[in-house]
Structure formats: C-alpha cells, structure tokens
Amino acid sequence: MVRISVVKNAGFCFGVRRAIRLAFFAVKKNRKKVFTLGPLIHNPQMVDDLKKKGVYVVDDLSEIDQGCLIIRSHGVHPKILKAAKKKKLKIIDATCPFVKKAQNNAKLLCDQGYQVVVVGEADHPEVKSIVGYTKDKALVINHTKNGLNLNKFKKIGVVAQTTLNIDLFKQVIDKLIESAKEIKIYNTICNATSLMQGKTSKMAQRVDLMIVVGGYNSANTNRLAKLCKRIGTKTYHVETSKKLEKSWFKNVKNVGVTAGTSTPPWIIQDVVKKIKTFV
Ligand code: SF4
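Residues numbered from 1 in each chain as written. Predicted model: local features only at pLDDT ≥ 70, side-chain atom pairs only at ≥ 80, totals over all residues. Heavy atoms only, no water.

Points about the pattern of salt bridges
The final tally for this structure, using the stated rule, is 6 salt bridges. Two residues, Lys87 and Asp65, come together in a salt bridge whose shortest N-O distance is 3.2 Å. Here Lys87 is found in the loop between helix H3 (78-86) and strand E5 (90-93), whereas its partner Asp65 is found in the loop between strand E3 (55-58) and strand E4 (68-71), with 22 residues between them in sequence. Judged by relative accessible area, which is 27%, Lys87 ranks as partly exposed. (Salt bridge = Lys/Arg side-chain N within 4 Å of Asp/Glu carboxyl O. Helix = DSSP H or I, 4+ residues; strand = E, 2+ residues; numbered from the N terminus. Buried < 20%, exposed > 50% of the residue type's maximum accessible area, 1.4 Å probe, protein only.)

Quick word on the site of the ligand
Taken together, Cys13, Gly15, Cys96, Phe98, Thr162 and Cys190 are the residues near the ligand. In terms of residue class, the shell around the ligand is made up of 4 nonpolar, 2 polar and no charged. (Near = heavy atom within 4 Å. Nonpolar A, V, L, I, M, F, W, Y, C, P; charged D, E, K, R; others polar.)

Let's talk about the side chain of Gln103
Residue placement: Gln103 occurs in helix H4 (residues 97-111). In this structure Gln103 touches His74, Gly75, Val76, Thr95, Ser129, Ile130 and Tyr133, once residues within four positions along its chain are discounted. (Contact = heavy atoms within 4.5 Å.)

Section: the sheet that holds strand E11 (residues 234-238)
Spatial strand order, E1-E12-E10-E11: 4 strands in an open sheet with parallel pairing. Where the open sheet ends on each side, the last strands, each with one partner, are strand E1 (3-6) and E11. Neighbour-to-neighbour, the strand axes of the sheet open up by a mean angle of 20 degrees, direction not taken into account. As defined by bridge partners, E1 adjoins strand E12 (residues 254-259) across 4 bridges and the pair is classed as parallel. Of the residues in E12, the one forming a bridge with Ile4 is Val255. (Pairing = 2+ DSSP bridges. Axes fitted to C-alpha atoms, helices over the stretch in contact; angles between N-to-C directions.)

Structural data, given as structure tokens:
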C-alpha cells in the first residue's frame with residue numbers, strides 16, 4: 001500500500017488568494033475590461049483561467065487606455081500607480097498587505113534620512129516596488145560577498161524582500177553592522193514561504209519521493225524543489241498532472257506532495273488523483 005501525503009496548507013498563500021479574489025470580483029463588478037501589469041501570479045494555468053474569465057495580462061501601461069487595472073500582490077513602483085491614475089484607469093490594489101508594510105517601512109526610513117538597503121533580488125517586481133517608495137534611492141543587496149562596505153553612510157535602514165530566506169537576511173545584517181554607525185532594521189519577511197519550506201523539509205525527510213507542484217516560473221516553487229533535492233530525496237517538479245510519469249512511482253512506498261504559494265488547489269488535487277492511478 002502506497003501512502004500519499006500532502007503538506008498541510010500547500011498552495012495559495014493569503015496574499016495570492018486575496019489577489020485572485022479581487023480579480024474575480026473586479027470582473028463581476030466592472031463592465032470595463034480588467035487588466036494586470038504582468039501575470040497576476042506565477043502560474044500559467046491560473047493565468048489562463050483568469051484570461052478565460054476576462055482578466056488580461058499587459059506588459060506595459062502604454063497598451064491600455066481604459067478599463068480596470070489590478071495591482072498584483074507584488075505591488076508596483078509609485079510612478080506606475082501615478083501614470084495609471086493619470087490615464088483615469090480604475091485601480092484595484094491587490095498589493096499584499098505584507099508587501100505594503102515593506103514599502104511603508106522603506107519610505108519611512110528614507111524620510112528619516114536613512115540610506116535604505118533592501119535585502120532581496122534586484123530584478124524581482126516586489127523589490128522594484130519597494131525601491132520605488134524610497135524615490136529609487138535604496139540599494140539592493142542579496143549576498144554577503146565583498147562590496148558591502150557602506151561606511152560612507154551614517155545611518156542605514158534595512159528591509160527585506162518578503163520571501164527572503166531568514167538566514168541570508170541575518171548574514172547581510174551581520175555584514176552591515178560592521179560598517180554602520182547606526183542601523184535600523186525592519187524584519188519584513190512574510191512567514192508564508194518559510195513555513196512552507198519548514199513543513200516541506202520535514203516531509204521530504206520521511207518520504208521516498210517528493211512531487212513539487214507549481215509554475216516552472218515560480219521562484220518559491222523552484223526553491224521548494226531545490227530544498228527537497230538538497231535533503232537527498234528523489235524529487236520531481238511538475239506544473240500539472242500531465243507531466244507525471246508512472247515509472248517514477250515504481251517501488252515507492254511513501255510519496256510526499258507539496259506546492260508553491262502560487263499553485264491553485266485544483267492543480268494539487270489533480271496531481272494527487274493522478275498519482276493514485278499509478279500506485
Ligand atoms: S508570500 Fe507572503 S508576502 Fe508574498 S503574497 Fe504571499 S502572503 Fe503576501
């Protein structure tokens with residue numbers, strides 16, 4: 001008998017669930033066309049589903065002149081918000097409250113004269129939005145290698161990308177303390193991803209095979225797959241049940257299933273259903 005266990009609460013986090021709910025609400029309530037700047041979440045199947053229901057993705061504000069614009073859970077640079085208002089678009093702000101907190105803390109630090117440092121990935125839309133709230137003055141750091149010498153700044157204020165690994169945050173702060181005379185830190189890490197990593201790691205340690213479900217473009221899903229592999233458990237990352245292969249389950253007694261914060265529940269259920277047909 002093969003046992004299939006799914007990590008508790010795997011899939012949508014609070015911020016993503018809220019953004020999807022707001023998007024569906026916008027379609028229902030507005031006769032106008034509904035758009036998002038970039039995909040609402042990093043999951044192609046969900047983005048397709050949203051499109052079928054009337055939520056369209058645009059890459060740039062110049063592509064739209066009217067309608068309703070949903071701000072993604074990552075938030076946006078205030079310049080974009082201003083431009084959207086100027087175009088008189090109806091704005092629905094689905095910025096996750098945890099991201100909003102990071103943006104507000106960065107702004108506060110900047111207003112108080114701190115050199116703001118955002119610990120995170122410079123290219124990530126959320127980090128770009130946080131930097132925007134410091135009038136683009138913030139520095140972005142995601143390593144502890146040489147070059148972290150910020151001696152010229154008397155006051156340093158630090159915030160984190162919400163999905164940052166806590167260990168990296170601690171390491172960067174350790175380095176910053178060596179150069180700063182005054183340092184103010186806001187821990188803006190959201191625990192949704194770290195909790196999921198903790199639960200996934202525990203499961204990976206007790207099963208023979210891990211199936212990680214989620215968009216191939218989802219950073220946090222990829223991180224989960226890497227984590228399971230690092231533990232030494234045989235792991236496959238699939239976007240949907242169609243990618244599962246029967247041969248993976250040969251001689252397997254315990255299968256663990258986990259998913260990134262942007263994976264819809266129906267895709268996880270579908271994967272579990274398909275695994276059951278193999279074992
Ligand atoms: S991972 Fe955390 S910060 Fe990001 S959308 Fe989800 S709840 Fe919000």
